[in-house]
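A closer look at the structure
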Amino acid sequence: MDEIEIPEAIREDVELPKQSWLALAMPIIVVMALCLSVVGLVSLWLFIFQGNPISETTSDSTDPNAESKIISSQAQPKPQLKPQASVPTPITESEPVPEKTSKKDLLGHLPYDVVSTSELTAITADGSLKLRPAAANKFRQMQAAAKAEGITLVPLSAFRDDQAQEKLFFGVKEQRGQNATKRAKVSAPPGYSEHHTGYAVDIGDGNAPATNVEVEFADTAAFRWLEQNALKYSFELSFPPDNKQGVSYEPWHWRFVGDRNSLETFYKVRN
Ligand SMILES: [Zn+2]
(Lines give C-alpha, C1' and ligand atoms only; values in the text may rest on other atoms or scores of the structure.)
Protein backbone atom coordinates (compact mmCIF):
# COMPACT_ATOMS: atom_id res chain seq x y z
CA MET A 1 0.00 0.00 0.00
CA ASP A 2 2.76 2.33 1.02
CA GLU A 3 4.88 1.52 -2.05
CA ILE A 4 1.92 2.34 -4.33
CA GLU A 5 0.91 5.48 -2.51
CA ILE A 6 4.37 7.02 -2.64
CA PRO A 7 4.65 7.20 -6.43
CA GLU A 8 1.14 8.60 -6.58
CA ALA A 9 2.16 11.19 -4.10
CA ILE A 10 5.27 11.86 -6.17
CA ARG A 11 3.20 12.13 -9.33
CA GLU A 12 0.89 14.42 -7.55
CA ASP A 13 3.89 16.37 -6.27
CA VAL A 14 5.29 16.55 -9.78
CA GLU A 15 1.96 17.42 -11.37
CA LEU A 16 0.93 19.93 -8.75
CA PRO A 17 3.91 22.29 -9.30
CA LYS A 18 3.18 22.23 -13.01
CA GLN A 19 -0.39 23.31 -12.47
CA SER A 20 0.48 25.96 -9.85
CA TRP A 21 3.28 27.41 -12.04
CA LEU A 22 0.88 27.81 -14.90
CA ALA A 23 -1.78 29.16 -12.61
CA LEU A 24 0.69 31.70 -11.22
CA ALA A 25 2.38 32.54 -14.52
CA MET A 26 -0.72 33.16 -16.58
CA PRO A 27 -2.01 36.15 -14.58
CA ILE A 28 1.52 37.61 -14.50
CA ILE A 29 1.84 37.27 -18.26
CA VAL A 30 -1.61 38.81 -18.72
CA VAL A 31 -0.81 41.67 -16.33
CA MET A 32 2.55 42.28 -18.02
CA ALA A 33 0.90 42.30 -21.43
CA LEU A 34 -1.73 44.74 -20.17
CA CYS A 35 0.98 46.93 -18.64
CA LEU A 36 2.97 46.94 -21.87
CA SER A 37 -0.08 47.78 -23.90
CA VAL A 38 -1.05 50.57 -21.47
CA VAL A 39 2.49 51.94 -21.53
CA GLY A 40 2.47 51.73 -25.30
CA LEU A 41 -0.86 53.52 -25.56
CA VAL A 42 0.21 56.21 -23.10
CA SER A 43 3.51 56.83 -24.90
CA LEU A 44 1.65 56.95 -28.20
CA TRP A 45 -0.84 59.45 -26.76
CA LEU A 46 1.98 61.56 -25.38
CA PHE A 47 3.82 61.42 -28.67
CA ILE A 48 0.78 62.66 -30.57
CA PHE A 49 -0.60 65.25 -28.14
CA GLN A 50 2.42 66.44 -26.18
CA GLY A 51 3.00 69.47 -28.41
CA ASN A 52 -0.44 70.99 -27.78
CA PRO A 53 -0.49 71.34 -23.99
CA ILE A 54 3.14 72.58 -23.88
CA SER A 55 2.67 75.34 -26.40
CA GLU A 56 -0.64 76.39 -24.82
CA THR A 57 0.66 76.55 -21.28
CA THR A 58 3.78 78.45 -22.28
CA SER A 59 1.81 80.98 -24.25
CA ASP A 60 -0.73 81.41 -21.43
CA SER A 61 1.54 81.51 -18.40
CA THR A 62 4.54 83.34 -19.81
CA ASP A 63 5.38 85.74 -22.55
CA PRO A 64 5.30 84.08 -25.95
CA ASN A 65 8.95 84.80 -26.46
CA ALA A 66 11.59 82.96 -28.38
CA GLU A 67 12.20 80.49 -25.57
CA SER A 68 8.68 79.05 -25.64
CA LYS A 69 8.90 78.77 -29.38
CA ILE A 70 12.13 76.83 -29.03
CA ILE A 71 10.55 74.53 -26.41
CA SER A 72 7.49 73.76 -28.51
CA SER A 73 9.49 73.27 -31.66
CA GLN A 74 11.88 70.92 -29.86
CA ALA A 75 9.00 68.95 -28.33
CA GLN A 76 7.60 68.07 -31.73
CA PRO A 77 8.87 69.32 -35.03
CA LYS A 78 5.63 68.38 -36.79
CA PRO A 79 3.85 70.69 -39.20
CA GLN A 80 0.97 70.86 -36.65
CA LEU A 81 3.12 73.07 -34.43
CA LYS A 82 3.87 75.63 -37.08
CA PRO A 83 0.44 77.31 -36.96
CA GLN A 84 0.48 77.04 -33.13
CA ALA A 85 3.96 78.56 -32.93
CA SER A 86 2.83 81.39 -35.19
CA VAL A 87 -0.11 82.20 -32.87
CA PRO A 88 2.00 84.04 -30.25
CA THR A 89 3.79 86.09 -32.93
CA PRO A 90 0.89 88.45 -33.77
CA ILE A 91 0.20 88.78 -30.01
CA THR A 92 3.71 90.10 -29.38
CA GLU A 93 3.37 92.47 -32.31
CA SER A 94 0.08 93.94 -31.06
CA GLU A 95 1.00 93.90 -27.37
CA PRO A 96 3.57 96.70 -26.87
CA VAL A 97 1.86 99.15 -24.51
CA PRO A 98 4.08 102.22 -24.99
CA GLU A 99 2.67 102.64 -28.49
CA LYS A 100 -0.66 103.59 -26.94
CA THR A 101 0.81 106.83 -25.62
CA SER A 102 2.08 107.77 -29.05
CA LYS A 103 -1.40 107.25 -30.46
CA LYS A 104 -2.32 110.51 -28.75
CA ASP A 105 -0.23 112.60 -31.05
CA LEU A 106 -1.15 113.76 -34.50
CA LEU A 107 1.69 114.18 -36.98
CA GLY A 108 4.10 114.79 -34.10
CA HIS A 109 1.87 117.25 -32.25
CA LEU A 110 0.25 116.60 -28.88
CA PRO A 111 -3.34 117.53 -28.03
CA TYR A 112 -3.97 120.59 -25.87
CA ASP A 113 -7.11 121.99 -24.27
CA VAL A 114 -8.07 125.46 -25.45
CA VAL A 115 -7.95 127.77 -22.44
CA SER A 116 -10.91 130.07 -21.84
CA THR A 117 -10.24 133.66 -22.97
CA SER A 118 -11.50 134.83 -19.57
CA GLU A 119 -8.29 133.38 -18.08
CA LEU A 120 -6.01 135.42 -20.34
CA THR A 121 -4.20 138.74 -19.99
CA ALA A 122 -3.08 141.01 -22.83
CA ILE A 123 0.64 141.34 -23.54
CA THR A 124 0.25 144.03 -26.22
CA ALA A 125 -1.13 147.56 -25.91
CA ASP A 126 -4.01 146.87 -28.31
CA GLY A 127 -4.93 143.69 -26.42
CA SER A 128 -4.76 141.51 -29.53
CA LEU A 129 -2.21 139.08 -28.08
CA LYS A 130 -2.91 137.29 -24.80
CA LEU A 131 -1.27 134.84 -22.43
CA ARG A 132 -2.19 133.41 -19.05
CA PRO A 133 -1.40 135.91 -16.27
CA ALA A 134 1.69 134.07 -14.95
CA ALA A 135 3.16 133.81 -18.44
CA ALA A 136 2.12 137.35 -19.36
CA ASN A 137 3.83 138.82 -16.28
CA LYS A 138 7.09 136.98 -16.95
CA PHE A 139 6.98 137.89 -20.62
CA ARG A 140 6.65 141.60 -19.79
CA GLN A 141 9.56 141.34 -17.33
CA MET A 142 11.67 139.57 -19.93
CA GLN A 143 10.76 142.12 -22.58
CA ALA A 144 11.76 145.00 -20.26
CA ALA A 145 15.06 143.34 -19.35
CA ALA A 146 15.88 142.86 -23.03
CA LYS A 147 14.90 146.44 -23.82
CA ALA A 148 17.36 147.65 -21.18
CA GLU A 149 20.07 145.90 -23.20
CA GLY A 150 18.94 147.34 -26.55
CA ILE A 151 17.04 144.22 -27.62
CA THR A 152 13.46 144.55 -28.86
CA LEU A 153 11.41 141.41 -28.27
CA VAL A 154 8.21 141.63 -30.31
CA PRO A 155 5.37 139.22 -29.60
CA LEU A 156 4.05 138.01 -32.94
CA SER A 157 1.46 135.47 -31.82
CA ALA A 158 0.32 134.22 -28.44
CA PHE A 159 -2.97 132.52 -27.56
CA ARG A 160 -4.79 131.04 -30.53
CA ASP A 161 -8.16 129.27 -30.48
CA ASP A 162 -9.23 126.30 -32.64
CA GLN A 163 -10.57 128.46 -35.43
CA ALA A 164 -7.40 130.54 -35.70
CA GLN A 165 -5.31 127.37 -35.73
CA GLU A 166 -7.59 125.79 -38.32
CA LYS A 167 -7.08 128.72 -40.68
CA LEU A 168 -3.36 128.65 -40.04
CA PHE A 169 -3.03 124.92 -40.66
CA PHE A 170 -5.47 124.22 -43.49
CA GLY A 171 -5.53 127.68 -45.07
CA VAL A 172 -1.77 127.90 -45.47
CA LYS A 173 -1.60 124.20 -46.36
CA GLU A 174 -3.88 124.76 -49.35
CA GLN A 175 -2.24 128.04 -50.21
CA ARG A 176 1.17 126.38 -50.39
CA GLY A 177 -0.12 123.13 -51.83
CA GLN A 178 1.36 121.12 -48.96
CA ASN A 179 0.33 117.67 -47.81
CA ALA A 180 -0.64 117.22 -44.14
CA THR A 181 2.69 115.71 -43.10
CA LYS A 182 4.74 118.52 -44.58
CA ARG A 183 2.41 121.16 -43.16
CA ALA A 184 2.64 119.59 -39.70
CA LYS A 185 6.41 120.04 -39.73
CA VAL A 186 5.94 123.78 -39.30
CA SER A 187 2.40 124.13 -37.91
CA ALA A 188 0.21 122.19 -35.50
CA PRO A 189 -3.24 120.98 -36.52
CA PRO A 190 -6.18 122.60 -34.68
CA GLY A 191 -6.51 121.13 -31.19
CA TYR A 192 -2.79 120.28 -31.12
CA SER A 193 -1.11 123.67 -30.79
CA GLU A 194 0.76 124.86 -27.73
CA HIS A 195 -0.78 128.23 -28.51
CA HIS A 196 -4.14 126.86 -27.27
CA THR A 197 -2.75 126.71 -23.74
CA GLY A 198 -2.07 130.44 -23.28
CA TYR A 199 1.54 129.62 -22.39
CA ALA A 200 3.18 129.84 -25.84
CA VAL A 201 4.37 132.95 -27.63
CA ASP A 202 6.08 133.54 -30.96
CA ILE A 203 8.78 136.18 -30.59
CA GLY A 204 10.38 138.37 -33.26
CA ASP A 205 13.28 140.82 -33.33
CA GLY A 206 12.00 144.43 -33.67
CA ASN A 207 15.28 145.27 -35.41
CA ALA A 208 15.02 142.40 -37.93
CA PRO A 209 11.33 141.95 -38.85
CA ALA A 210 12.26 140.11 -42.05
CA THR A 211 13.23 137.15 -39.91
CA ASN A 212 9.80 136.93 -38.26
CA VAL A 213 8.65 133.31 -37.97
CA GLU A 214 11.64 132.22 -40.03
CA VAL A 215 14.56 129.98 -39.12
CA GLU A 216 16.78 133.04 -39.78
CA PHE A 217 15.45 134.46 -36.51
CA ALA A 218 18.09 132.22 -34.93
CA ASP A 219 20.73 134.60 -36.34
CA THR A 220 19.31 137.70 -34.67
CA ALA A 221 20.44 139.53 -31.54
CA ALA A 222 17.00 138.93 -30.03
CA PHE A 223 17.38 135.16 -30.33
CA ARG A 224 20.88 135.19 -28.88
CA TRP A 225 19.59 137.23 -25.96
CA LEU A 226 16.72 134.76 -25.46
CA GLU A 227 19.11 131.84 -25.55
CA GLN A 228 21.06 133.36 -22.67
CA ASN A 229 18.20 134.82 -20.64
CA ALA A 230 14.81 133.25 -21.38
CA LEU A 231 15.18 130.51 -18.75
CA LYS A 232 15.50 133.22 -16.07
CA TYR A 233 11.85 134.00 -16.90
CA SER A 234 10.85 130.34 -17.29
CA PHE A 235 10.52 130.51 -21.06
CA GLU A 236 12.02 127.68 -23.12
CA LEU A 237 12.17 126.65 -26.77
CA SER A 238 9.44 124.14 -27.58
CA PHE A 239 10.97 122.88 -30.80
CA PRO A 240 14.77 122.99 -30.73
CA PRO A 241 16.73 121.35 -33.55
CA ASP A 242 16.11 117.59 -33.80
CA ASN A 243 13.34 117.62 -31.18
CA LYS A 244 11.71 114.32 -30.23
CA GLN A 245 8.37 115.31 -31.74
CA GLY A 246 9.94 115.65 -35.16
CA VAL A 247 8.67 119.21 -35.57
CA SER A 248 10.90 121.56 -37.56
CA TYR A 249 13.21 123.87 -35.64
CA GLU A 250 11.20 126.91 -34.50
CA PRO A 251 13.58 129.42 -32.89
CA TRP A 252 10.72 131.96 -32.54
CA HIS A 253 8.35 129.68 -30.59
CA TRP A 254 8.76 129.84 -26.78
CA ARG A 255 6.63 128.38 -24.01
CA PHE A 256 6.25 129.29 -20.37
CA VAL A 257 6.94 126.53 -17.82
CA GLY A 258 7.14 128.61 -14.66
CA ASP A 259 4.26 127.24 -12.59
CA ARG A 260 2.66 123.91 -11.77
CA ASN A 261 -0.10 124.09 -14.35
CA SER A 262 2.20 124.99 -17.24
CA LEU A 263 4.70 122.33 -16.18
CA GLU A 264 1.96 119.68 -16.06
CA THR A 265 0.60 120.90 -19.38
CA PHE A 266 3.86 120.26 -21.18
CA TYR A 267 5.64 117.62 -19.16
CA LYS A 268 3.06 115.28 -17.65
CA VAL A 269 3.02 111.87 -19.32
CA ARG A 270 -0.24 111.40 -21.16
CA ASN A 271 -1.83 107.97 -21.26
ZN1 LIG B 1 4.29 129.31 -32.19
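Calculation criteria
Residues numbered from 1 in each chain as written. Predicted model: local features only at pLDDT ≥ 70, side-chain atom pairs only at ≥ 80, totals over all residues. Helix = DSSP H or I, 4+ residues; strand = E, 2+ residues; numbered from the N terminus. Expected span 1.5 Å × (residues − 1). Buried ≥ 20, exposed ≤ 12 C-beta atoms within 10 Å, placed from the backbone. Pairing = 2+ DSSP bridges. Axes fitted to C-alpha atoms, helices over the stretch in contact; angles between N-to-C directions. pLDDT = per-residue confidence, 0-100. Contact = placed C-beta atoms within 7 Å. Core = buried A, V, L, I, M, F, W, Y, C linked by C-beta atoms within 7 Å.

**Quick notes on helix α7 (residues 133-148)**
Along an α-helix, residues three or four positions apart point the same way, because every turn accommodates 3.6 residues. Here α7 spans 23 Å end to end across 16 residues, near enough to the 22 Å set by a 1.5 Å rise per residue. At the C-terminal side of α7, G150 shows a positive phi close to 80°.

**Points about the pairing of strand β6 (residues 253-256)**
Burial along β6 is two-sided: H253 and R255 and W254 and F256, pointing in opposite directions, are all buried. With three bridges connecting them, strand β4 (residues 200-205) and β6 associate as antiparallel partners. Across the sheet, residue A200 finds its bridge partner in β6, namely R255. Sheet topology places strand β5 (residues 235-237) next to β6; three bridges connect them, and they run antiparallel. What sits directly across from F235, in β6, is F256.

**Here's the deal with the sheet that holds β5**
Spatial strand order, β3-β4-β6-β5: four strands in an open sheet with antiparallel pairing. Both edges of this open sheet fall to β3 (153-157) and β5, since each of them pairs with a single strand only. Within this sheet the neighbouring strands show an average axis-to-axis angle of 45°, counted without direction.

**Structural notes on the confidence of the model for the chain**
In this model, the chain carries an average pLDDT of 77, and 62% of its residues clear a pLDDT of 70 or more. Long-range and interchain partners of residues 6-17, a stretch whose pLDDT sits below 50, account for zero contacts in this model, where long-range means more than four residues apart.

**Considering the pairing of β4**
With respect to burial, β4 is a largely interior element, five of its six residues being buried. As judged from the four bridges shared by β3 and β4, these two strands associate in the antiparallel manner. Bridging from a neighbouring strand, P155 pairs with I203 of β4.

**Topic: the nonpolar core**
Core analysis: the largest hydrophobic core is formed by 27 residues, its most contacted members being L131, F139, M142, V201 and I203. Breaking this core down by element, the ones donating at least two residues are α7, β4, α10 (221-229) and β6. At five residues, the largest contribution of residues to this core is made by α7. Setting aside residues no more than four positions away along its own chain, V201 makes contact with L131, F139, P155, A158 and W254.

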